[in-house]
Amino acid sequence: MRTSLRLATLTLLLLAIGLLAGCKQDKDSFVNRTYHRLTARDNGWFNANEKLKETVMGIEDAHVDDFDKVLPLFIYGSEQQAKSATPDLEKCIDKCSLVIERHSMDIKGKEKNTWIDDAWFVIARSQFYKRNHSEAERGFAHITRQYKGFNREYDAKIWLARTAIELEQFGKAQSALDHVGSAKKRPKHLDEGLLAAVHAELELKRGKVDDAIMHLERAIPIARTKRERVRWAFVLAQLYQLKGQEKKAIDQFAAVAKMGPPYEMAFHAQIFQALAYNKGDSKALRKMLKGMLRDDKHIDHFDMIHYALAELDLKERKKEDALAHLRTSVKVSTNDSKQKAKSFLKLADVHFDDRLYRPAQQYYDSTKALLNPEHVRFDEVETRARVLGDLVEQLEIIAHEDSLQALMGLDPEELQKKIRSIIRQREDAEEEQRRKEEEARSAPDATAERPVAPPPGGRGNWYFYDPQQVGRGMANFKKKWGNRKLEDDWRRQDRSGSALAQSEEEEEEEGPDGKEGKEAEWKDPESYLRDIPKDEAAVAASNGRICGALYASGMIYKEQLKDIDNAIESFEVLNNRFEECQYTPESHYQLYRIYLKKESEGWVDLMGGSGSKTYADIILERWPDSEFARLVRDPNLLQADAERRAAEEVAYRDVYRMFRDRAYYPTITACDRVILEEPNNHFRPKYHFLKAMAIGGTRNVPEYRTALTTVKDGFPGTEEATRAEELLASLDGASGGAPKPKAPTGPAYSPDDGPQTYVVVVPSSGADMDVMRAAVSDFNAAYFGHTPLQVSGSILDAERRLVLIAPLPNKAKAIEYHNLFYGNEDMLQGLADQGYPVFAISQANYATFFKDKDVDGYQAFFLQNYLDGQ
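On a predicted model such as this, the values are computed, not experimentally measured, just so you know. (Residues numbered from 1 in each chain as written. Predicted model: local features only at pLDDT ≥ 70, side-chain atom pairs only at ≥ 80, totals over all residues. Heavy atoms only, no water.)

1. Description of the overall build of the protein
Across its full length, the protein holds 35 helices and six strands. Counting the 870 residues in the protein, one finds 41% classified as buried. Of the contacts made within the protein by residues no fewer than 6 positions apart, 63% connect residues no fewer than 24 positions apart. (Helix = DSSP H or I, 4+ residues; strand = E, 2+ residues; numbered from the N terminus. Buried < 20%, exposed > 50% of the residue type's maximum accessible area, 1.4 Å probe, protein only. Contact = heavy atoms within 4.5 Å.)

2. Regarding the state of the cysteines
This structure, assessed with the given rule, holds one disulfide. Disulfide pairing is shown between Cys547 and Cys581; the S-S distance is 2.1 Å. Here the S-S torsion is close to 55 degrees, and the disulfide linking Cys547 with Cys581 is therefore right-handed. A residue pair is termed long-range when its members are at least 10 positions apart, and Cys547 in helix α22 (residues 536-560) and Cys581 in the loop between α23 (564-577) and α24 (584-600) qualify at 34 residues. Comparing Cys547 with Cys581 shows no difference in burial state: the two are buried. (Disulfide = S-S within 2.5 Å.)

3. Here we look at the nonpolar core
Grouped together as the largest cluster of nonpolar side chains are 144 residues, with contacts concentrated most on Trp232, Phe234, Ile271, Leu289, Tyr364 and Leu561. Apart from residues no more than four positions distant in its own chain, Tyr364 is found in contact with Leu345, Ala348, Asp349, Phe352, Arg377, Val381, Arg384, Ala385 and Leu388. If you look at the next biggest cluster of nonpolar residues, it comprises 41 residues, including Met769, Ala782, Leu820 and Ile841. (Core = buried A, V, L, I, M, F, W, Y, C linked by side-chain atoms within 4.5 Å.)

4. Topic: the sheet that holds strand β3 (residues 756-763)
One open sheet accounts for four strands, arranged β4-β5-β3-β6; its pairing is antiparallel. In this open sheet, the two strands that pair with only one neighbour each are β4 (790-795) and β6 (838-842). When strand polarity is set aside, the average angle formed by the axes of neighbouring strands in this sheet is 30 degrees. Sheet topology places β3 next to β6; five bridges connect them, and they run antiparallel. From the neighbouring strand, Val760 faces β6, where its bridge partner is Val838. Sitting on the sheet, helix α33 (residues 811-821) touches β3, β5 (800-808) and β6, and the angle it makes with β3 is about 35 degrees. Together, β3, β5 and β6 form the strand contacts of helix α35 (residues 855-865), whose direction differs from that of β6 by roughly 80 degrees. (Pairing = 2+ DSSP bridges. Axes fitted to C-alpha atoms, helices over the stretch in contact; angles between N-to-C directions.)

5. Describing the pairing of β6
Within β6, five of the five residues are buried, which leaves the element mostly enclosed by the surrounding structure. Of the two faces of β6, the one lined by Val838, Ala840 and Ser842 and the one lined by Phe839 and Ile841 are each fully buried.

6. A word on the pairing of β5
Taken together, the seven bridges between β3 and β5 define a ladder with antiparallel strand orientation. Looking across to β5, one finds that Val760 is bridged to Val803. With six bridges connecting them, β4 and β5 associate as antiparallel partners. Paired with Ser792 across the strands is Leu804, a residue of β5. Counted along the chain from β4 to the antiparallel partner β5, the turn is four residues long.

7. Considering the packing of aromatic side chains
Going through the model one piece at a time under the given rule, you end up with 47 aromatic pairs. Seen from their ring centres, Phe121 and Trp159 are 6.5 Å apart, and the 85 degrees between their planes marks the pair as edge-to-face. Note that Phe121 is positioned in helix α4 (residues 116-129) and Trp159 in helix α6 (residues 153-166), a separation of 38 residues in sequence. Per residue, the accessibility class of Phe121 equals that of Trp159, and both read buried. Geometrically, the ring pair formed by Tyr749 and Phe861 is tilted, given 5.5 Å between the ring centres and 45 degrees between the ring planes. Here Tyr749 is found in the loop between α31 (719-731) and β3, whereas its partner Phe861 is found in helix α35, with 112 residues between them in sequence. With respect to burial, Tyr749 and Phe861 carry one shared label: buried. One Lys or Arg, Arg162, reaches over the ring of Trp159 and ends 4.0 Å from the middle of that ring. We note Arg384 situated over the ring of Phe352; from NZ or CZ to the ring centre the distance is 3.9 Å. (Phe/Tyr/Trp six-rings, centres within 6.5 Å; stacked < 30°, edge-to-face > 60°. Lys NZ or Arg CZ within 6 Å of the ring centre and 35° of its normal.)

8. Overview of the confidence of the model for the protein
Parts of the model with low pLDDT should not have their predicted coordinates read in detail. Here the protein shows a mean pLDDT of 80. Residues at 70 or above account for 83%. Note that residues 443-465 has pLDDT below 50 and, in this model, 20 contacts with residues that lie over four places away or in other chains. Low pLDDT, under 50, characterises residues 734-745; the stretch is placed with 18 contacts to residues that sit more than four places away or in other chains. (pLDDT = per-residue confidence, 0-100.)

9. As for the pattern of salt bridges
For the structure shown, the criterion picks out 49 salt bridges. Across the salt bridge formed by Arg152 and Asp155, the nearest N and O atoms sit 3.0 Å from each other. Assigned by exposure class, Arg152 and Asp155 land together as buried. Glu380 is the salt-bridge partner of Arg377, the closest N and O atoms lying 2.9 Å from each other. (Salt bridge = Lys/Arg side-chain N within 4 Å of Asp/Glu carboxyl O.)

10. Some details on the environment of Asp617
Mapped onto the elements, Asp617 comes out in helix α25 (residues 612-622). Considered as a pair, Asp617 and Ala629 are 12 residues apart in the sequence and their alpha carbons are 9.3 Å apart.

11. Quick word on α22
Taking 1.5 Å of rise per residue, 25 residues should cover 36 Å, and α22 covers 35 Å from first to last C-alpha, within 8% of that figure. The set of residues buried in α22 consists of Ser542, Ile546, Cys547, Gly548, Ala549, Leu550, Tyr551, Ser553, Gly554, Ile556, Tyr557 and Lys558. Summarising the contacts, the buried residues of α22 are in contact with α17 (357-370), α18 (378-408), α23 and α24. Looking at where α22 begins, the residue whose side-chain oxygen comes 3.2 Å from the main-chain nitrogen of Ala537 is Asp535. Of the residues trailing α22, Lys562 is marked for its positive phi of about 55 degrees. (Expected span 1.5 Å × (residues − 1). Polar contact = N/O pair within 3.5 Å; in protein donor to acceptor, adjacent residues only side chain to side chain.)

12. Here we look at the side chain of Thr334
Checked against the element boundaries, Thr334 lands in the loop between α15 (319-332) and α16 (337-353). At a separation of 3.4 Å, a polar atom in the side chain of Thr334 contacts the side chain of Asn335.

The following block contains the structure:
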């Protein structure tokens, strides 16, 4: 028994001695290498790598694809997602840093532990997903330099290329990929599919779609995971469609649908088959789409299916069927505001192309209410809605005045009958409009949103503490409502004149007794009798309004809509209807200019009744001394004037650039020269105003006031005069104007890239410094666990205290700290959500700041020197 006990004790002792010997990092023996490799792999690297996989999967799962664009080949997450994932990513970095510190066996310049490069690889990828690309780049570069021949050398090269692509350093990315591609012997574990996909991503960023297609065609068959293969195959189909290869696109989308992709991608793969169609037999596609309409799981996407059917109809010239499908698309829309905007936009475009401007105006107005301001066509839609609104207003003036003049000659009994008929027609039209609006509203009400169960494998926290679920919720909200500002009555948008339902915002006014207010004026027959012209003066006034509306509509057609045929018709109606009205000379001159341009483009007057000469002769005969006659006699005058204006604009922009560069005295001199020597300069009001602003820049307040007064009095009615008046009101202390120019005050701070302190300025009253310091310490542990930071407090003055976080090693680290700290209301409740002043400051500047105590002054310096351009 004693002998057995002695043997067991001896065995344990020898094992302990072996383990102690194996712990040494500077001894190259089998025991040492085996110990450090096993411990590095199983204790640190494995857990960190699994955590990184879980975090990346969470980022990818929270991503919501925008199928209106070519999907990204790789999902890296947003800035907010990077912030949310930072605590987990920091844990990965800490674990692997510990692995490197305790298990690296760098003996005579050569690493003997084959898992150290894997640890560095996790660290670099964690920095990448934190969006700290500079640190990620250093990490990947370190692996490629320090661990040549190791497991992760080529993987690091590929990720170095991905990092360079994110930094838009495409040459560096190409170099890294070429290095991998030209290697004579690559490791068997290397992901060749990933290599080809990164090549494709680089070509897409460069705009080389054909090269990207070639790389993707190689990447898809050898993709390591189903998730990668499905996404890359979908992107390849989109690229085929982008290049006009419809047959390949349709086949590729069909292939994606059979790969078992997620629901949204599978649905869009089917829809995009129809959208990619251009010619041939559409029966199979129609059958597929109609089958999808019979499946209730697509109920929230019925609008998109009808839109796809409309696209097929338009390509096969079935316009009425297309319009019916588009109206149905809008009607059945439930929660996809983006698709509803697309359907309205297509309706607007079809009517606009057919020159049916009244309905086009309504549809553009509806589109504008739903369209994301970042949309590539938002400005165009907004302009068309406004221009067509102006046009419809003029056309309504003409129709209204014509209807009143038509009533003028009727006897009393016939007049009453006609008025009742007009009222009845409008009532019927309004009832029909109400019915359509009710149908449009009832569709979403009938398919109320159903509660969605939380995804399996969630974190188990309250919904609003899970950034991934909050991200999904925000994406779904934007999908349904668009980009709505958080404010009272956020559901409402200005939809006046649109095709959207409006009745919910147009409740009739109530009287003081709570009963419904008076009936709409158009329902009162007396209102029509009041407006009917009763004498020659009233008829002349009505004709004047018609003349002005005809000319205005003609100019809208000509200048803004480029619809020359309708412009000619408007001007000719004006000329034929009125022998002489306010715009008769202008109307003839516009027709002269239109035909002059048509003739310069090869048009020939075969009828012998129109042409520029016809209208030139009329102008010279009827208005020989007018400006129009002068321009007819010498058409080059107009061109010369336009050229002179263009040259003056270039000169003005040069002077304005001097002002922007704060060269105030040269600006004043240049403005004075133009004001004195060019009395007919088109930009004279702007020069006067620019001179005033330059004087303001010199801090000469009396002369600044005089110059502004000159602008206000000398150019009434101009934009410059209005702005000068606002600035004068500001100088006089009135509210709503620009700030009064004053000499700069406060200390001078110096840019410094050295060590920094992060400062939070809090009020002395009600501030629990212990709670605040604890919250900041928790934040530091979660986000900057590998950076030793101390949290302290200080008193700035009787009313303000400082929370100080230091030392941050440099300016870049301070900016990173600020970006994560600012607005982090989850961990820093009571600090980051209170609007307290926060900034980073160098040691030298802190001494100046603490002495002067000018928080606003230093914050201005911080914004300009630390956050400029971010």
